[in-house]
Amino acid sequence: MPFDIARTRAAYPALTEGFAHFDGAGGTQTPQSVIDAVSAAMGTALGNRTPAFAPGRRSLELVDAARAAVADLLGAAPRGVVLGPSATALTYTLARTLGVTWRPGDEVVVSRLDHDANVRPWVQAALAAGATVRWAEFDPATGELPAGQYAELVGERTRLVAVTAGSNAVGTMPDVSAIAKTAHAAGALVCVDGVHSVPHGPTDLASTGADFLVTSAYKWSGPHLAAMVADPARWESLHPAKLVPSSDAVPDRFEAGTPSFPLLAGVAAAVDHLAGLDPSATGDRRERVRAGLAAAQAYEEALFDRLLAGLADNPAVTVYGSAARRCPTVSFRLAGWSPAGLAAALGEARLCLSSGDYYAYEYFRAMGLRETGGAVRASVYHYNTADEVDRLLSELHTLARRRETMGR
Ligand SMILES: Cc1ncc(COP(=O)(O)O)c(C=O)c1O
């Protein structure tokens, strides 16, 4: 059944403003169902969590519902879902929690393909523990992160391997399960950054091989919240810094402070939205979410092929990365334009694209592009259209002829 793009777009009220959003990698627009869920939660009596009275029970239910939804999204156990304000904050919590168990001589492996949120928390925790940081390198020509190098990088002192499931800069989807196998053979834990990959296809915690997998709801039509999932038994074995009176239960003990209950309602509604992307799908929500994301993936891939072909047709465009398995995300430059100037010019044409390094700091540093402004990024999401892709490609031809004006 073809992807029903008109029906999908109708779910997003913001799209009527007419912007073409190629910045889903930085955050997606919000479906009406998510807005309604947040608003309904805010409009009902809520209390701090307590079984004593109904408003307090509602807050307990909102937390449980968000955990159940994220569990369905990722193939995790609801008790294994830690909720938090952002992927960065959750990764810092995990890095500090694991880091206090590391000793001088222990090793941590990070990659230069990753968003800094899955690099710096580990580097800083290693520094605090006197542990050594080892770096996995990507191939500058293709943006691939060869899994084979981990055989050399991982050893008996390796405690943790952090790697992305999808680069937010060039889309590369490394073979994380092969990397996890190598890490596990040495007894190391694996933290996978799924922030960029999860919105673009079905994800299954077990098949990634990750011990910890992080995702951010605002990249898949939800509010600005995030989740980190793991086997509940793994969480049981860890003890984060926490307030004395706060719950020591799993997963609550990893969630500092009082959560945003209304936004949690939006997380559950966003998963329901993904589960409805293929209206012909049947089964439980886990099955429907997989079907919905598979349908979106096929649709996004076709649009992305059109985008890549159009970029390749423009001699003024330089594209970075060409990985075999990738999310529908591309970074590029246009001759005669700085990345920031190009993003501003595209913005004037109501085309929304990020520029800079988008926190893929090590990638742009290793490529020698950071000092000169990084690149411009186009990321395709399930509400983009072929017309929008054509608009972008045509604007790039126009701008290639115009070149950047002084003072931009
Ligand atoms: C791949 C990737 N990882 C991590 C993050 C950080 O996510 P958050 O903003 O939830 O901390 C981002 C945000 O852009 C990202 O793209």
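Since the structure is predicted, the reported quantities are computational estimates derived from the model, not experimental observations.

**Things to note about the pairing of strand β5 (residues 158-164)**
Line of reasoning, step 1. Counting buried residues along β5, 6 of its 7 residues qualify, which places the element largely inside the surrounding structure.
Line of reasoning, step 2. By the bridge criterion, 3 bridges tie strand β3 (residues 107-111) to β5 in an arrangement that is parallel. Residue pairing for β5: Glu107 is matched across the bridge by Thr158.
Line of reasoning, step 3. In the classification by handedness, the crossover that spans β5, the intervening helix α7 (residues 176-185) and the parallel strand β6 (residues 189-193) is right-handed.

**What to know about the packing of aromatic side chains**
Line of reasoning, step 1. A complete count under the given rule lists 9 aromatic pairs for this structure.
Line of reasoning, step 2. Centroid distance Trp102 to Trp122: 6.3 Å. Interplanar angle 35°. Geometry classified as tilted. With Trp102 in the loop between α4 (87-99) and β3 and Trp122 in helix α5 (residues 120-129), this pair connects stretches of sequence that are 20 residues apart.
Line of reasoning, step 3. Connected via pairs of aromatic rings, a cluster forms that spans Phe138, Tyr358, Tyr363 and Phe364.
Line of reasoning, step 4. Directly above the ring of Tyr358 sits Arg377, whose terminal nitrogen or CZ lies 4.3 Å from the centroid.

**Considering the environment of Arg96**
Line of reasoning, step 1. Tracing the sequence through the fold places Arg96 in helix α4.
Line of reasoning, step 2. Its relative accessible area of 54% is what places Arg96 among the exposed residues.
Line of reasoning, step 3. Along the chain, Arg96 and Ala128 lie 32 residues apart, while their C-alpha atoms are 9.2 Å from each other.

**With respect to unusual backbone geometry**
Line of reasoning, step 1. Across the junction of Val250 and Pro251, the peptide omega takes the value 10°, indicating a cis bond.
Line of reasoning, step 2. Position of Pro251 among the secondary structure elements: in the loop between α9 (232-236) and α10 (261-275).
Line of reasoning, step 3. A positive phi angle is found at Ser221, which is not glycine, with a value near 80°.
Line of reasoning, step 4. When you line up the elements, Ser221 lands in the loop between β7 (212-216) and β8 (226-229).
Line of reasoning, step 5. Assessed through its relative accessible area of 0%, Ser221 is described here as buried.
Line of reasoning, step 6. In this model, Tyr358 sits at a positive phi of 40°, which is unusual for a non-glycine residue.
Line of reasoning, step 7. Mapped onto the fold, Tyr358 is located in the loop between β12 (354-356) and α13 (361-366).
Line of reasoning, step 8. The class of Tyr358 is buried, set by a relative accessible area of 9%.

**What to know about the site of the ligand**
Line of reasoning, step 1. Taken together, the residues surrounding the ligand are Ser86, Ala87, Thr88, His115, Ala117, Asn168, Asp193, Val195, His196, Ser216, Tyr218 and Lys219.
Line of reasoning, step 2. Here an oxygen atom of the ligand sits 2.6 Å away from a polar atom, N or O, in the side chain of Ser216.
Line of reasoning, step 3. Tyr218 has a polar side-chain atom sitting 2.5 Å from an oxygen atom of the ligand.
Line of reasoning, step 4. For the ligand, the accessible surface in isolation is 390 Å², of which the surrounding protein chains cover 90%.
Line of reasoning, step 5. When grouped by side-chain class, the residues that make up the shell around the ligand number 4 nonpolar, 6 polar and 2 charged.

**A short note on the packing of α10 against helix α11 (residues 285-312)**
Line of reasoning, step 1. Following both chains from N to C, one finds α10 and α11 inclined at 65°, their axes separated by 7 Å at the closest point. Each of Ala268, Val271, Asp272, Leu274 and Ala275 in α10 lies in contact with α11, whose residues at this interface are Arg285, Arg288, Val289, Gly292 and Leu293.
Line of reasoning, step 2. In the contact of α10 with α11, the residues fall into 6 nonpolar, 1 polar and 3 charged.

**Some thoughts on helix α14 (residues 386-402)**
Line of reasoning, step 1. Between its terminal C-alpha atoms α14 stretches 24 Å, which fits the 24 Å expected from 17 residues at 1.5 Å a residue.
Line of reasoning, step 2. Turning to α14, its buried residues are Glu388, Val389, Leu392, Leu393, Glu395, Leu396, Leu399 and Ala400. The arc that holds the buried residues of α14, viewed along the axis, is 160°, so those residues lie on one side. Residues of α14 that are exposed and angled more than 90 degrees away from the buried face: Asp387 and Arg401.
Line of reasoning, step 3. Positive backbone phi, approximately 65°, marks Arg403, located one or two places after α14.

**Things to note about α4**
Line of reasoning, step 1. When the terminal C-alpha atoms of α4 are compared, their 18 Å separation across 13 residues agrees well with the 18 Å that a helix rising 1.5 Å per residue should span.
Line of reasoning, step 2. Those residues of α4 that fall on the buried side of the exposure criterion are Ala87, Leu90, Thr91, Leu94, Ala95, Thr97, Leu98 and Gly99.

**A few points about the side chain of Arg253**
Line of reasoning, step 1. Locating Arg253 in the fold gives a position in the loop between α9 and α10.
Line of reasoning, step 2. Of the polar contacts made by the side chain of Arg253, one reaches the backbone oxygen of Leu238; its length is 2.9 Å.
Line of reasoning, step 3. Apart from the residues within four sequence positions on either side, Arg253 is in contact with Trp235, Glu236, Ser237, Leu238, His239, Pro240, Lys242, Ser247 and Asp248.

**A word on the sheet that holds strand β9 (residues 317-320)**
Line of reasoning, step 1. Strand order across the open sheet formed by 4 strands is β9-β10-β13-β12, with antiparallel pairing between neighbours. Every interior strand has two partners, whereas the edge strands, β9 and β12, have only one. Each strand axis lies, on average, 35° off the axis of its neighbour in the sheet, ignoring direction.
Line of reasoning, step 2. In the sheet, β12 pairs with strand β13 (residues 375-379) via 3 bridges, with the strands oriented antiparallel.

**A short note on the pairing of β8**
Line of reasoning, step 1. Every second residue of β8 is oriented toward a common face, with Ala226 and Met228 on one face and Ala227 and Val229 on the other, all of them buried.
Line of reasoning, step 2. Of the pairings in the sheet, the one linking strand β2 (residues 81-84) to β8 comprises 4 bridges and is antiparallel in character. Within β8, the residue paired with Val82 across the bridge is Met228.
Line of reasoning, step 3. As defined by bridge partners, β7 adjoins β8 across 4 bridges and the pair is classed as antiparallel. The residue bridging Ser216 from the neighbouring strand is Ala226, located in β8.

**Some thoughts on the pattern of salt bridges**
Line of reasoning, step 1. Counted by the stated rule, this structure contains 20 salt bridges.
Line of reasoning, step 2. Residue Asp106 pairs with Arg157 through a salt bridge whose shortest N-O separation is 2.8 Å. Note that Asp106 is positioned in the loop between α4 and β3 and Arg157 in the loop between α6 (150-153) and β5, a separation of 51 residues in sequence.
Line of reasoning, step 3. With relative accessibility at 5%, the residue Asp106 sits in the buried group.
Line of reasoning, step 4. In this structure, Arg365 engages Glu362 in a salt bridge whose closest nitrogen and oxygen atoms are separated by 3.7 Å. Linking Arg365 with Glu362, this pair stays in helix α13, spanning 3 residues, or about one helical turn.
Line of reasoning, step 5. Given a relative accessible area of 42%, Arg365 falls into the partly exposed group.
Line of reasoning, step 6. What you see here is one network of salt bridges that share partners, running through Arg112, Asp116, Arg120, Glu137, Glu362 and Arg365.

The rules behind each value
- Residues numbered from 1 in each chain as written.
- Predicted model: local features only at pLDDT ≥ 70, side-chain atom pairs only at ≥ 80, totals over all residues.
- Heavy atoms only, no water.
- Buried < 20%, exposed > 50% of the residue type's maximum accessible area, 1.4 Å probe, protein only.
- Helix = DSSP H or I, 4+ residues; strand = E, 2+ residues; numbered from the N terminus.
- Pairing = 2+ DSSP bridges.
- Right-handed = clockwise from strand over helix to strand, strands pointing away.
- Phe/Tyr/Trp six-rings, centres within 6.5 Å; stacked < 30°, edge-to-face > 60°.
- Lys NZ or Arg CZ within 6 Å of the ring centre and 35° of its normal.
- Near = heavy atom within 4 Å.
- Polar contact = N/O pair within 3.5 Å; in protein donor to acceptor, adjacent residues only side chain to side chain.
- Areas by Shrake-Rupley, 256 points an atom, 1.4 Å probe, with all protein chains shown as cover.
- Nonpolar A, V, L, I, M, F, W, Y, C, P; charged D, E, K, R; others polar.
- Axes fitted to C-alpha atoms, helices over the stretch in contact; angles between N-to-C directions.
- Contact = heavy atoms within 4.5 Å.
- Expected span 1.5 Å × (residues − 1).
- Arc of directions from axis to C-beta.
- Salt bridge = Lys/Arg side-chain N within 4 Å of Asp/Glu carboxyl O.

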